[in-house]
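Here's the letter readout for the chains.
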Amino acid sequence: MLAARGRLRDEPVAGTKKVLLAAPRGYCAGVDRAVVAVEKALEQYGEPVYVRKQIVHNVHVVSTLEQRGAVFVDDVAEVPRGSHVVFSAHGVSPAVVAGAADRDLHAIDATCPLVTKVHREATRFAKAERTIILIGHAGHEEVEGTMGHAPERTILVNGPEDVAALEVPDPDNLVWLSQTTLSVDETMETVRLLREKFPTIENPPSDDICYATQNRQVAIKKVAPAADLVIVVGSANSSNSVRLVEVALEHGAKAAHRVDYASEIEQDWLAGVRTVGVTSGASVPEELVAEVLDQLADAGYGTVEEVVTAHEDLMFSLPKELRTDASGNPTRALGGRRR
């Protein structure tokens with residue numbers, strides 16, 4: 001159920017009002033896979049199904065799944081023995097997997113495959129006795145999971161500001177990895193500074209920042225210079241949603257705000273605004289964007305032009321436990337229903 005909304009007023013401005021709608025936006029393949037995994041687990045095993053942490057960082061998605069019988073917990077120790085538990089899209093450390101096993105939990109791993117790729121890289125580099133510089137935000141669930149795969153070999157760098165004071169035990173034996181949902185530009189600036197300080201630092205074998213994060217940032221970069229206001233739909237704990245606000249401001253938007261729901265749009269934001277850019281983070285269902293467009297139409301922004309910078313068709317297989325129905329018959333094995 002969407003949040004109730006008040007009506008915005010249609011106030012006159014100089015020129016023609018319109019919306020520039022960024023594409024791609026919203027759900028990525030990894031998020032869709034994770035959300036569908038919880039839904040299918042509820043269908044297959046019945047409620048409650050426990051989920052460690054928020055399955056994805058979006059308050060509406062979490063609330064909707066709670067209404068269907070999902071129970072979100074911070075630690076597997078809170079899950080009753082023998083229950084079903086889903087690991088979130090952000091991934092977990094081996095210690096969490098072991099903790100679930102100790103409680104005889106039936107674990108369903110909904111980690112985004114692109115995050116799993118980073119986990120495997122961290123494990124491989126640690127086995128090779130490399131020091132890993134992980135670029136990411138301290139306390140983020142994805143960072144905690146990745147560091148847990150190589151805790152003795154990983155040093156966290158939050159951003160460019162951390163590089164100058166960085167000390168490492170073996171400056172000629174370094175490789176960098178990154179959180180998948182960072183700002184592309186800020187990450188590459190951090191890498192540039194790391195290379196200046198440690199010229200032999202090696203790149204990961206492939207780009208860690210996920211395709212969806214990059215595509216959404218590229219799209220808002222295209223929209224931002226023409227926008228008097230950018231509205232990003234997404235939650236405060238969604239790293240990629242927060243980054244979209246920053247990217248919009250850095251690339252020419254006169255103002256930018258993040259909202260969970262259309263009801264959070266403030267009338268004052270629209271004063272003198274002719275062009276509104278709209279996008280959404282990778283964990284945001286399209287229905288929330290549609291609500292924002294309806295709200296803006298009330299305020300006279302009924303003309304919507306989609307600005308397309310890429311087309312996405314990637315889909316991921318569901319976790320193996322969910323590729324059959326309750327009777328053991330094969331069922332739809334792909335995420336992507338909402339895309």
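Rules of the game
Residues numbered from 1 in each chain as written. Predicted model: local features only at pLDDT ≥ 70, side-chain atom pairs only at ≥ 80, totals over all residues. Heavy atoms only, no water. Salt bridge = Lys/Arg side-chain N within 4 Å of Asp/Glu carboxyl O. Helix = DSSP H or I, 4+ residues; strand = E, 2+ residues; numbered from the N terminus. Buried < 20%, exposed > 50% of the residue type's maximum accessible area, 1.4 Å probe, protein only. Contact = heavy atoms within 4.5 Å. Axes fitted to C-alpha atoms, helices over the stretch in contact; angles between N-to-C directions. Parallel < 35°, antiparallel > 145°, perpendicular 65-115°, else oblique. Left-handed = near helix turned anticlockwise from the far one by under 90°. Nonpolar A, V, L, I, M, F, W, Y, C, P; charged D, E, K, R; others polar. 1 Å grid on protein atoms, 1.4 Å probe; cavity = no way out; pocket = protein on both sides within 12 Å on 5 of 7 lines; lining within 4 Å. Points joined across faces, edges and corners; volume = space filled by probe spheres on them. Pairing = 2+ DSSP bridges.

## Some points on the pattern of salt bridges
Thought 1: By the definition in use, this model includes 21 salt bridges.
Thought 2: When the shortest N-O distance is used, the salt bridge between R9 and E11 registers 3.0 Å.
Thought 3: E196 serves as the salt-bridge partner of R192, at 2.5 Å between the closest nitrogen and oxygen. Residue R192 and its partner E196 are both found in helix α6 (residues 184-197); the two are separated by four residues, about one turn of the helix.
Thought 4: A residue is classified by how much of its surface remains accessible, and R192, at 38% relative accessible area, is partly exposed.
Thought 5: A residue is classified by how much of its surface remains accessible, and E196, at 54% relative accessible area, is exposed.

## Some details on the side chain of S241
Thought 1: Structurally, S241 is set in helix α8 (residues 239-250).
Thought 2: Overall, the relative accessible area of 0% leaves S241 in the buried class.
Thought 3: When neighbours within four sequence positions are excluded, S241 is seen to be in contact with V232, V233, G234, S235 and G281.

## Focus: the packing of helix α7 (residues 211-223) against α8
When two helices pack together, their arrangement is given by the angle between the helix axes and by the axis-to-axis distance.
Thought 1: Contact geometry of α7 with α8 gives a least axis separation of 9 Å together with a crossing angle of 25 degrees. When the axes of α7 and α8 are compared, the pair comes out roughly parallel. With respect to the hand of their crossing, α7 and α8 are arranged in right-handed fashion. The segment α7 lies against α8, with T213, R216, Q217, I220 and K221 engaging N240, R243, L244, V247 and A248.
Thought 2: Grouping the constituent residues of the contact of α7 with α8 by class yields four nonpolar, three polar and three charged.

## Thoughts on empty space enclosed by the protein
Thought 1: Considering all chains together, one arrives at two cavities of 30 Å³ or more under this definition.
Thought 2: As for the largest cavity, its lining consists of 24 residues, and the residues nearest its centre are C28, V31, H90, T181 and N240.
Thought 3: Secondary structure elements with two or more residues in the lining of the largest cavity: α1 (29-45), α4 (113-127), α7 and α8.
Thought 4: Residue contributions to the lining of the largest cavity peak at three residues, all from α1.
Thought 5: Residues belonging to the lining of the largest cavity are distributed by class as follows: 12 nonpolar, 11 polar and one charged.
Thought 6: The computed volume of the second largest cavity comes to approximately 40 Å³.
Thought 7: Together, I135, H137, N158, G159, L182, S183, E186, T187 and R243 line the second largest cavity.
Thought 8: Partitioning the lining of the second largest cavity into residue classes produces two nonpolar, five polar and two charged.

## With respect to the sheet that holds strand β8 (residues 174-178)
Thought 1: Across the sheet, which stays open at both edges, the three strands sit in the order β7-β6-β8 with parallel pairing between neighbours. The sheet terminates laterally at β7 (154-157) and β8, the two strands that pair on one side only. Taken over all neighbouring pairs, the strand axes of this sheet differ in orientation by 25 degrees on average, direction set aside.
Thought 2: Examined bridge by bridge, strand β6 (residues 131-135) and β8 share five bridges and lie parallel to one another.

Remember that the coordinates give geometry; whether it matters functionally is a separate question.
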